[in-house]
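Geometric and topological summary
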Amino acid sequence: MAMEQITEGVGNIALNGGADSVKKNRIQVSNTKKPLFFYVNLAKRYMQQYNEVELSALGMAIATVVTIAEILKNNGFAAEKKITTSTVGIKDESRGRPVQKAKIEILLGKSEKFDELMAAAAAAAAAEQADAEATEEQS
């Protein structure tokens, strides 16, 4: 009986851990790989698709994640739902020993004005495209 409970408990841990690590709406931000607005625009697309986005970063990239979240909030696209901080042990290849790194996870949800703002941005982009094509035809 006790062995069955342990086996079930181990199964639940594996299931919960697995589900957490493969979130479809999570963006792991690096401050070296992509420009800032790549992540801002990706977060907008994730919010369109999933209604919320989780921004995650380690170490030096934490400032970048906070900046992305603030841009989205200050421009009216997102509302802050939850912020989680922790430390994680990562093996440092150069030193060959584990190193503790700070980690942040920021969960943002769509703001009330999100759909309206996205529609306005799409209309502005379409108008800009039409202007560019009209200018091209004249020359």
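For the structure given in this document, a descriptive report is provided here.

Each value, and the rule that gives it
Residues numbered from 1 in each chain as written. Predicted model: local features only at pLDDT ≥ 70, side-chain atom pairs only at ≥ 80, totals over all residues. Heavy atoms only, no water. Helix = DSSP H or I, 4+ residues; strand = E, 2+ residues; numbered from the N terminus. Buried < 20%, exposed > 50% of the residue type's maximum accessible area, 1.4 Å probe, protein only. Contact = heavy atoms within 4.5 Å. Areas by Shrake-Rupley, 256 points an atom, 1.4 Å probe, with all protein chains shown as cover. Pairing = 2+ DSSP bridges. Axes fitted to C-alpha atoms, helices over the stretch in contact; angles between N-to-C directions. Expected span 1.5 Å × (residues − 1). Salt bridge = Lys/Arg side-chain N within 4 Å of Asp/Glu carboxyl O. Parallel < 35°, antiparallel > 145°, perpendicular 65-115°, else oblique. Left-handed = near helix turned anticlockwise from the far one by under 90°. Nonpolar A, V, L, I, M, F, W, Y, C, P; charged D, E, K, R; others polar.

**What about the overall build of the protein chain?**
- Looking only at helices and strands, the protein chain has 4 helices and 4 strands in total.
- For the protein chain, the succession of helices and strands along the chain, N to C, is α-β-α-β-α-β-β-α.
- Looking at the protein chain as a whole, 27% of its 139 residues qualify as buried.
- Long-range pairs, those at least 24 residues apart, make up 68% of the contacts in the protein chain with a sequence separation of at least 6.
- Carbon and sulfur atoms make up 54% of the accessible area of the protein chain, which amounts to about 9,700 Å² in all.

**Considerations on the sheet that holds strand β1 (residues 26–28)**
- Across the sheet, 4 strands lie side by side as β1-β2-β4-β3; this open sheet has mixed pairing. Both edges of this open sheet fall to β1 and β3 (78–92), since each of them pairs with a single strand only. Along the sheet, successive strands turn relative to each other by an average axial angle of 20 degrees, direction set aside.
- Two elements, β3 and strand β4 (residues 97–110), share 14 bridges in a ladder whose sense is antiparallel. Paired with S86 across the strands is K103, a residue of β4.
- With respect to the sheet, helix α2 (residues 36–50) is in contact with β1, β2 (52–58), β3 and β4, its orientation differing from that of β2 by roughly 140 degrees.

**Structural notes on α2**
- For α2, built from 15 residues, the straight-helix expectation of 21 Å at 1.5 Å per residue is met to within 8% by its first-to-last C-alpha distance of 21 Å.
- Inspection of α2 places Y39, V40, L42, A43, K44, Y46 and M47 among the buried residues, and these make up the whole buried set.
- Structurally, α2 contributes buried residues whose contacts are with β1, β2, α3 (62–74), β3, β4 and α4 (114–138).
- Positioned one or two residues after α2, N51 has a phi angle of 70 degrees, which is positive.

**Focus: the pattern of salt bridges**
- Evaluation of the coordinates by the stated rule reveals 8 salt bridges.
- K81 serves as the salt-bridge partner of E52, at 2.7 Å between the closest nitrogen and oxygen. Of the two residues, E52 is situated in strand β2 and K81 in strand β3; the sequence distance between them amounts to 29 residues.
- The partly exposed category is assigned to E52, whose relative accessible area is 22%.
- Residues E70 and K73 are paired through a salt bridge, measuring 2.9 Å at the closest nitrogen-oxygen approach. Of the two residues, E70 and K73 both sit in helix α3, 3 residues apart, roughly one turn of that helix.
- A relative accessible area of 25% means that K73 is categorised as partly exposed.

**So, the packing of α2 against α3**
- With their axes 10 Å apart at the nearest point, α2 and α3 run at an angle of 55 degrees to one another. Overall, the two elements α2 and α3 adopt an arrangement that is oblique. As α2 runs across α3, the sense of the crossing is right-handed. On α3, the residues that touch L36, F37, Y39, V40, A43, K44 and M47 of α2 are T64, T67, I68, I71 and L72.
- Here the contact of α2 with α3 is built from residues that sort into 9 nonpolar, 2 polar and 1 charged.

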